[in-house]
Amino acid sequence: MPSTVTSPRPTAARGALDNFFRITERGSTIGREVRGGFATFFTMAYIVVLNPLIIGTQTDGTGHFLGGGTSPNLAMVAAATALVAGVMSLLMGVVANYPLAIAAGLGLNAFVTFGIAKLPQMTWADAMGLVVLEGIIITVLVLTGFRQAVFRAVPAQLKVAISVGIGLFITIIGLVDSGFVRKPLSGPVPVELGIGGFLAGWPLLVFIAGLIAIIVMMVKRVKGAILYGIVGATLLAMLVEWTFNIGGQTDKTGKVVNPTGWGLNVPKVPDNAFDIPDFGLLGHFSLLGSFSKIGIVSAALLVFTLVLADFFDTMGTMVAIGAEGGLLDKDGNPIGAQKILVVDGLAAAAGGVGSVSSNTGFIESAAGVGEGARTGLAAVVTGLLFLASTFVAPLVAVVPYEAATPALVVVGFLMMQQVKGIDWDDLEIAFPAFLTIVLMPFTYSITVGIGAGFVLYVLIKVVRGKARMLHPIMWLVASLFVVYFAIDPVKELLGVK
């Protein structure tokens, strides 16, 4: 019998909540859903810190930071990150009734930052416009049923390689931004350990301590390890700065004057830990601005890459959450899959509208399912907590690279674990997967890795006499990537400047 029978006063409210989210029907309770919502929030709240440190600390192709300024405004980026995550998680819970929380996607934000915004003459508004287009396309693909065709077109192992490659790309970003790996001042090698092959300076020790702490907590199955690691490393950094007065690496002009100093921020106690959130980034996007900056073909390929990365990641995530919570139907599809994907598509577009990169479902939602969550009420709780976190956005501005980048390395490891899904004995897929994975970090471009993998895969199939096995979409995409790679010779041939 429902709990409403034995609880006279809250009967109506509890009954309405139970009926709307079908809590009892799915074998859960309101208490479990609330606990699950909190668990999910604390395992993915790091994104409110990490997303600003990825997209808010880099300039676009015109030399401006997100928001149009000449210096980072991490509090503004954090507030918008939390706002979009909160709203879209609420929408997922209410519309799709699924215990899946949404926030700015890792890997996707790195691609938007380094693969799009940094292209010559590109602005952050142009980059976010492509994110909005991606979300619109994903939503249309879901509503038309075309998603099944796209899903079948790209070999599963190439999808795995893309995730692994992005993981390595995120890892090298973390190692470089922390100063653990640097470009030497001279010599034949492109990179070296620390400064001159040695780990010099207190900030690097903070990075190492933070990385070890997160690893130890994850090994011991501590929920929220990444967030705790960032917070703990930041507190340690503040203590070190207070004790030794180290200062930052650069002066006001951006010139490196203190190689062993802090990267990005000097960790000092902020004047205000709580403040009215600044949502000035909302609506800061140019839907078609990129097409005139980099050309139709290049812009189309970037949108396709975003669609590919987001679309398949979401499919895998919602299936994994459903499998853990017993929320799959007899065919192995999540309950209400269509609604889940529609909300996810809208979330991608919302991320562009909010200027915080594409938003997507988080696998960390499994923490909430592990606590017993089985309905969208858990996602609603997580969403409300994200909205509340917008008021502590100023705290993000005290986090130095050395305290945040351990999380990037750990996320890289988590994404790298998927490499076991590639059959390395099958050279027809192994070579394309290998190029996809290694070219992302080695060229500092996610697009290059994906493009090389696609083109080589099609080429190998043709050489092996298996061209008929290729899906027409693969032919189209590979052809577009060939044009993308040869865009300068093609322009010269056509006399286009």
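The structure contained in this document is the topic of the report that follows. (Residues numbered from 1 in each chain as written. Predicted model: local features only at pLDDT ≥ 70, side-chain atom pairs only at ≥ 80, totals over all residues. Heavy atoms only, no water.)

### What about the overall build of the protein chain?
Note the cut-off: Here a helix means four or more residues in a row that DSSP labels H or I, a strand means two or more in a row labelled E, and each is numbered from the N terminus. All radius of gyration figures rest on C-alpha atoms, and the globule criterion is 2.2 Å times the number of residues raised to 0.38. Under the scheme applied here, a residue whose accessible area is under 20% of the maximum for its type counts as buried, over 50% as exposed, and between as partly exposed, the area being computed with a 1.4 Å probe on protein chains only. Working definition of accessibility: Shrake-Rupley area with a 1.4 Å probe, residue cover restricted to the visible protein chains. Charge convention: Lys and Arg are scored as positive, Asp and Glu as negative, and His as well as the terminal groups of each chain are ignored. Note on charges: their place is set at NZ of Lys, CZ of Arg, CG of Asp or CD of Glu.
When helices and strands are tallied, the protein chain shows 20 helices and 4 strands. For 497 residues, the compact-globule estimate of 2.2 N^0.38 gives 23 Å, and the protein chain sits close to it at 23 Å. Taking the principal axes of its C-alpha atoms as reference, the protein chain extends roughly 75 × 65 × 45 Å. Burial statistics for the protein chain: of 497 residues in total, 53% are counted as buried. Accessible surface, the protein chain as shown: approximately 21500 Å² in total, 67% of it carbon and sulfur. Counting 29 positive and 28 negative side-chain charges, the protein chain places the averaged centre of each group 5 Å from the other.

### Concerning unusual backbone geometry
Positioned with a positive phi, Asn-97 is a non-glycine residue whose angle comes to about 50 degrees. Relative to the helices and strands, Asn-97 is located in the loop between α4 (74–96) and β1 (102–104). Its identity is not glycine, yet Gln-121 carries a phi of approximately 70 degrees, on the positive side. By the secondary structure assignment, Gln-121 is in the loop between α5 (108–117) and α6 (124–144).

### Comments concerning helix α9 (residues 202–219)
The condition is simple: Each helix should span, by expectation, one fewer than its residue count multiplied by 1.5 Å. Contact criterion: two residues are considered in contact whenever any of their non-hydrogen atoms come within 4.5 Å of each other.
Compared with an ideal rise of 1.5 Å per residue, which puts 18 residues at 26 Å, α9 spans 26 Å between its outermost C-alpha atoms and is within 8% of the ideal. Next to the buried residues of α9 lie α8 (156–178), β2 (181–182), α10 (225–244) and α16 (401–416). Count one or two residues on from α9 and you reach Arg-221, which has phi positive near 65 degrees.

### As for the packing of helix α3 (residues 46–55) against α16
Spelled out, the test is: The axes used here are C-alpha line fits, helices contributing only the stretch in contact, and every angle between their N-to-C directions lies in the interval 0 to 180 degrees. Here roughly perpendicular refers to angles of 65 to 115 degrees, roughly parallel to angles under 35, roughly antiparallel to angles over 145, and oblique to all remaining angles. We call Asp, Glu, Lys and Arg charged. Ala, Val, Leu, Ile, Met, Phe, Trp, Tyr, Cys and Pro are nonpolar, and the rest, Gly among them, are polar.
Viewed as axis vectors pointing N to C, α3 and α16 meet at an angle of 105 degrees, and their least axial separation amounts to 10 Å. Compared by their axis directions, α3 and α16 come out roughly perpendicular. Residues Leu-50, Leu-53 and Ile-54 of α3 form the contact with α16, whose participating residues are Tyr-401, Ala-404, Ala-407 and Leu-408. Grouping the constituent residues of the contact of α3 with α16 by class yields 7 nonpolar, no polar and no charged.

### Overview of helix α19 (residues 472–485)
Selection rule: Read the arc as the range of directions from the helix axis to the C-beta atoms.
End to end, α19 covers 20 Å across 14 residues, agreeing with the expected 20 Å (1.5 Å per residue, within 8%). Inspection of α19 places Ile-473, Met-474, Val-477, Ala-478, Phe-481 and Tyr-484 among the buried residues, and these make up the whole buried set. The buried residues of α19 occupy an angular sector of 125 degrees when the element is viewed end-on, so they sit on one face. The exposed residues of α19 that point more than 90 degrees off its buried face are Pro-472 and Leu-476.

### So, a nonpolar patch on the surface
Basically, it comes down to this: Only residues whose relative accessible area exceeds 30% and that form no salt bridge are eligible for patches; like-charged ones are grouped when within 9 Å, while nonpolar side chains (Val, Leu, Ile, Met, Phe, Trp, Tyr) are grouped when within 5 Å. The term salt bridge refers to a pairing of a side-chain nitrogen on Lys or Arg with a carboxyl oxygen on Asp or Glu at a separation within 4 Å.
Among the surface-exposed residues, Phe-20, Leu-91, Val-94, Val-95 and Leu-346 lie close enough to one another that they form a single nonpolar patch of about 400 Å² accessible area. Among the elements that make up the nonpolar patch, the one with the highest residue count is α4 (3 residues). On the secondary structure map, Phe-20 appears in helix α1 (residues 11–21). For Phe-20, a relative accessible area of 49% corresponds to the partly exposed category.

### Side note on the side chain of Thr-81
Its place among the elements puts Thr-81 in helix α4. Here Thr-81 falls in the buried class, since its relative accessible area comes to 1%.

### Let's talk about the side chain of Glu-134
Its location among the elements puts Glu-134 in helix α6. Looking at Glu-134, the relative accessible area reads 0%, which means it is buried. Excluding residues that lie within four positions of it along the chain, Glu-134 makes contacts with Val-303, Leu-306, Val-307, Asp-310, Ala-348 and Ser-358.

### A word on the nonpolar core
Across soluble globular proteins, you tend to see nonpolar side chains buried next to one another. Rules: Each nonpolar core is a collection of buried residues, namely Ala, Val, Leu, Ile, Met, Phe, Trp, Tyr and Cys, held together in the definition by side-chain atoms within 4.5 Å.
Within the largest apolar cluster, 116 residues are counted, with the highest numbers of intra-cluster contacts made by Tyr-46, Tyr-98, Leu-130 and Phe-454. With 6 residues, the next largest nonpolar core counts Ala-161, Val-164, Ile-422 and Ile-437 among its residues.

### A few points about the environment of Ala-323
Within the fold, Ala-323 resides in helix α12 (residues 296–325). Given a relative accessible area of 51%, Ala-323 falls into the exposed group. Between the C-alpha atom of Ala-323 and that of Tyr-401, which follows or precedes it by 78 residues, the distance is 36 Å.

### Considering the packing of aromatic side chains
Short version of the rule: In this analysis, rings of Phe, Tyr and Trp, with Trp reduced to its six-membered ring, are considered paired at centre separations within 6.5 Å, and the interplanar angle assigns stacked below 30 degrees, edge-to-face beyond 60, and tilted for intermediate values.
Tallied over the entire structure, the rule returns 5 aromatic pairs. Centroid distance Phe-20 to Phe-21: 4.9 Å. Interplanar angle 80 degrees. Geometry classified as edge-to-face. Looking at Phe-21, the relative accessible area reads 5%, which means it is buried. Note on Phe-180 and Phe-207: the rings are 5.6 Å apart at their centroids and 50 degrees apart in plane angle, and the pair reads as tilted. Of this pair, Phe-180 sits in the loop between α8 and β2 while Phe-207 sits in helix α9, placing them 27 residues apart in sequence. When its relative accessible area of 23% is taken as the criterion, Phe-180 is described as partly exposed. For Phe-207, a relative accessible area of 1% puts it in the buried group.

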